[in-house]
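# Examining the three-dimensional arrangement
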Amino acid sequence: MIDLRRIYLDHAATTPVDREVLLEMLPYFTRFYGNASSLHSDGGVAHEALEKAREKVAEVINAEPDEIIFTSGGTESDNLAIKGIAYKNKDKIKGKGPHIITSSIEHPAVLETCKFLEKEGFKVKYLPVDRDGIVKLDILEKSITKNTFLISIMAANNEIGTIQPVEEIGKIAKDYDIIFHTDAVQTIGKMPMDVKKINVDMLSISGHKIYAPKGVGALYVKRGVTLQPILNGGGHERKLRSGTENIPGIVGLGKACELAKKRMSKDIQHIKNLRDKLIKGILENIEKSYLNGHPEKRLINNAHFRFTAIEGESLIMDLDEKGIAASTGSACSSKKLQPSHVLLAIGLTPVEAHGSLRLTLGRKNTKNEIDYVIETLPKVVNRLREISPLWKK
Amino acid sequence: MSAGMYSEKVIEHFRNPRNMGEIKDADGVGTVGNPICGDQMTIYIKVKNDRIVDIKFKTFGCAAAIATSSMITELAKGKTLEEAMKITRKDVADELDGLPPIKMHCSNLAADALHAAIKDYWEKQKKRKKSGK
């Protein structure tokens, strides 16, 4: 069933593949299908496409092409960065409890990797955040021990959109000579990301969050940083990521990065205007509604609300019927039946976390769509509040 | 959860809940669940000659919690208290053409709320008899 009137406001979950990206990819499925490792000219064409894409990805974060490792996506990039550096450092500081510092609001790809390493004998500090979701830098600095070899803190949060002070973190990491990794999956194309300015050693990128397809991503690894691979095999990607390169996907990621760079200032203006209008419209039109996350230091496309006395899953279901695709941090929408760890970390009660709603905008959203959401959402919230025993006017 | 995980009947009851609201002078009230876990429901009943003559609900929770609340009011209305006590969680889920497995425990509290309301009614009756009213 195709409904042409759907309003997609879940771009933090995934984005559609841009038409220009798709057109760039298509020849690499059926015409230029060579293996980039092959010596014949078909392989050469694939190899050339691979290296061209590498340049484009490098450019969007001001890195050098040989610092880009292609992966299957953000999760793999995070795993490679953290496990790769952990295993490399394990013997160096054996017996002393090699130490990682991360934050309590990371994406599961980072959190679960750290928890896994804890079982392997590593020590991990999960930094608290303030009510806006910003990592406390004084605690970060105090948490550093002589065994700390890695700081992994996301550039911006995928749920509440809060942007972390990565430049300051990069400076601290440099001062103490600690490797700094950042998961920048949500920030590419939404704000300038300059690896040299941030002083970051590793940075994770995901294709499908930036209008490239699912199943492709990249990890920036600064020259001089050595990792132990987590996939062993034919030695692709500077021996860091074996496996025949996903050329169509990588070409798509390259094109998406080129477009992200080219369109960034236009995107920022368009999307931020709509997002600001949305936040204002919702807070003004729905009583007892609140914005989660930092009011200014937030991704330009992120609006994250909570509404008293209603539960997020039913909110999503009602919005879905009205043609609006959204997301929630409510336990009832998760497989684990736990409210979002991010919302609990910023100090919300479980009941408040249940009543949360994330709307994340993209390039194609229009003013009319946002007007429709501002008109529709109050009705949906009111209907659920009428049903709710917790709602007292 | 996604819309596709629910049966049409669950969606229909969620979108058009039956007997939603409160009964101000209810004879029995039952509240179960905990908003911390994401679900809380209250069932109100009016009883005449040991029969449920009116029933209403209020629910905080997911689509399944709202749909099961709505369904239990339909199942219980007009039934004797004895009959209503026999309605199980499974009956509610079956009448809704099933619930996703993950929702069977957390959101399928409607039968418990109904039974709590009936027990509340019986408690009140006992007290009334004792005080001779």
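Residues numbered from 1 in each chain as written. Chains lettered and ligands numbered in written order. Predicted model: local features only at pLDDT ≥ 70, side-chain atom pairs only at ≥ 80, totals over all residues. Heavy atoms only, no water.

## Section: the sheet that holds strand S3 (residues 51-60) of chain B
Residues and elements named next belong to chain B. The three strands lie next to each other as S1-S2-S3, forming an open sheet whose pairing is antiparallel. The open sheet has two edge strands, strand S1 (28-34) and S3, and neither has a second partner. With strand direction ignored, the average angle separating the axes of adjacent strands in the sheet is 15 degrees. Two elements, strand S2 (residues 39-48) and S3, share nine bridges in a ladder whose sense is antiparallel. From the neighbouring strand, Thr-42 faces S3, where its bridge partner is Lys-58. Across the sheet, helix H2 (residues 63-76) lies against S2 and S3, angled at about 175 degrees from S3, the strand it touches most. Against the sheet, helix H6 (residues 110-130) touches S1, S2 and S3, its axis set at about 140 degrees to S1. (Pairing = 2+ DSSP bridges. Helix = DSSP H or I, 4+ residues; strand = E, 2+ residues; numbered from the N terminus. Axes fitted to C-alpha atoms, helices over the stretch in contact; angles between N-to-C directions. Contact = heavy atoms within 4.5 Å.)

## Thoughts on H2 of chain B
Between its first and last C-alpha atoms H2 of chain B spans 20 Å; for 14 residues at 1.5 Å apiece the expected length is 20 Å, and the two agree. Phi turns positive, to about 90 degrees, at Gly-78 of chain B, one or two residues after H2 of chain B. (Expected span 1.5 Å × (residues − 1).)

## What to know about the side chain of Asn-158 of chain A
Take Asn-158 of chain A: it is sitting in the loop between strand S5 (148-152) and helix H7 (166-175). Each residue touching Asn-158 of chain A, except ones within four places of it in the same chain, is listed here: Ala-12, His-107, Gln-186, Asn-302 and Arg-358 of chain A.

## Overview of a negative patch on the surface
Residues and elements named next belong to chain B. A grouping of Glu-8, Asp-91, Glu-95 and Asp-97 is seen on the molecular surface, where their side chains present a negatively charged patch. By secondary structure assignment, the location of Asp-91 is in helix H4 (residues 89-95). Here Asp-91 falls in the partly exposed class, since its relative accessible area comes to 32%. (Patch = residues over 30% accessible without salt bridge, like charges linked within 9 Å, V, L, I, M, F, W, Y side chains within 5 Å. Areas by Shrake-Rupley, 256 points an atom, 1.4 Å probe, with all protein chains shown as cover. Salt bridge = Lys/Arg side-chain N within 4 Å of Asp/Glu carboxyl O. Lys, Arg positive; Asp, Glu negative; His and termini not counted. Charge placed at Lys NZ, Arg CZ, Asp CG, Glu CD. Buried < 20%, exposed > 50% of the residue type's maximum accessible area, 1.4 Å probe, protein only.)

## A word on the packing of aromatic side chains
All names here are of chain A. Summed over all chains, the structure comprises three aromatic pairs over all chains. Judged by centre distance (5.5 Å) and plane angle (50 degrees), the ring pair of Tyr-28 and Phe-32 falls under tilted. Across from the ring centre of Phe-116, 4.9 Å away, lies the NZ or CZ of Lys-83, which sits over that ring. The side chain of Arg-363 reaches across the aromatic face of Tyr-211, ending 4.2 Å from its centre. (Phe/Tyr/Trp six-rings, centres within 6.5 Å; stacked < 30°, edge-to-face > 60°. Lys NZ or Arg CZ within 6 Å of the ring centre and 35° of its normal.)

## Description of unusual backbone geometry
Residue and element names in this part refer to chain A. Here the phi dihedral of Asn-62 falls at roughly 60 degrees; this positive angle occurs in a residue that is not glycine. Positionally, Asn-62 belongs in the loop between helix H3 (41-60) and strand S2 (68-71). One non-glycine residue, Lys-239, lies in the positive phi region at around 65 degrees. Mapped onto the elements, Lys-239 comes out in the loop between strand S8 (217-221) and helix H9 (247-285).

## Quick word on the side chain of Glu-311 of chain A
Structurally, Glu-311 of chain A can be placed in the loop between strand S10 (302-307) and helix H10 (312-321). Buried and without a salt bridge, Glu-311 of chain A has Lys-103 of chain B as its closest oppositely charged side chain, separated by 6.3 Å. Polar contacts involving the side chain of Glu-311 of chain A include one to the main-chain amide nitrogen of Cys-62 of chain B, which spans 3.2 Å. (Polar contact = N/O pair within 3.5 Å; in protein donor to acceptor, adjacent residues only side chain to side chain.)

## Brief notes about a nonpolar patch on the surface
Side chains of Val-17, Leu-22, Leu-23, Leu-26 and Phe-29 of chain A sit close together on the surface and give an oily, nonpolar patch of about 430 Å² of accessible area. Structurally, the position occupied by Leu-23 of chain A is in helix H1 (residues 19-25).

## Thoughts on the nonpolar core
The biggest cluster of nonpolar side chains holds 67 residues, and the ones touching the most others in it are Phe-307 and Leu-315 of chain A together with Ile-45 and Leu-114 of chain B. Setting aside residues up to four positions removed in sequence, Leu-114 of chain B forms contacts with Ile-43, Ile-45, Ile-52, Ile-55, Ile-72, Ala-76, Ala-84 and Ile-87 of chain B. Residues Ile-61, Val-166, Ile-178 and Ile-250 of chain A belong to the second largest nonpolar core, which totals 63 residues. (Core = buried A, V, L, I, M, F, W, Y, C linked by side-chain atoms within 4.5 Å.)

## Some details on the domain arrangement of chain A
Accessible area lost during the coming together of the parts is what is often quoted as the interface size. Residue and element names in this part refer to chain A. Domain assignment breaks chain A into domain 1 (7-15 + 264-392) and domain 2 (19-259). Put simply, the middle of domain 1 and the middle of domain 2, counted by C-alpha atoms, are 28 Å apart. The contact between domain 1 and domain 2 buries some 2600 Å² in all, and 54% of this surface belongs to carbon and sulfur atoms. For the pair domain 1 and domain 2, the interface holds 17 residue pairs in polar contact (both at pLDDT 80 or more). For the side of domain 1 that touches domain 2, the secondary structure elements donating two or more residues are H9, S10 and helix H11 (341-345). When residues of the side of domain 1 that touches domain 2 are assigned to their parent elements, the largest contribution, four residues, is made by H11. Its residues assigned to classes, the side of domain 1 that touches domain 2 shows twelve nonpolar, 13 polar and four charged. (Domains from an automatic or database assignment. Buried area = accessible area lost by both parts, 1.4 Å probe. Nonpolar A, V, L, I, M, F, W, Y, C, P; charged D, E, K, R; others polar.)

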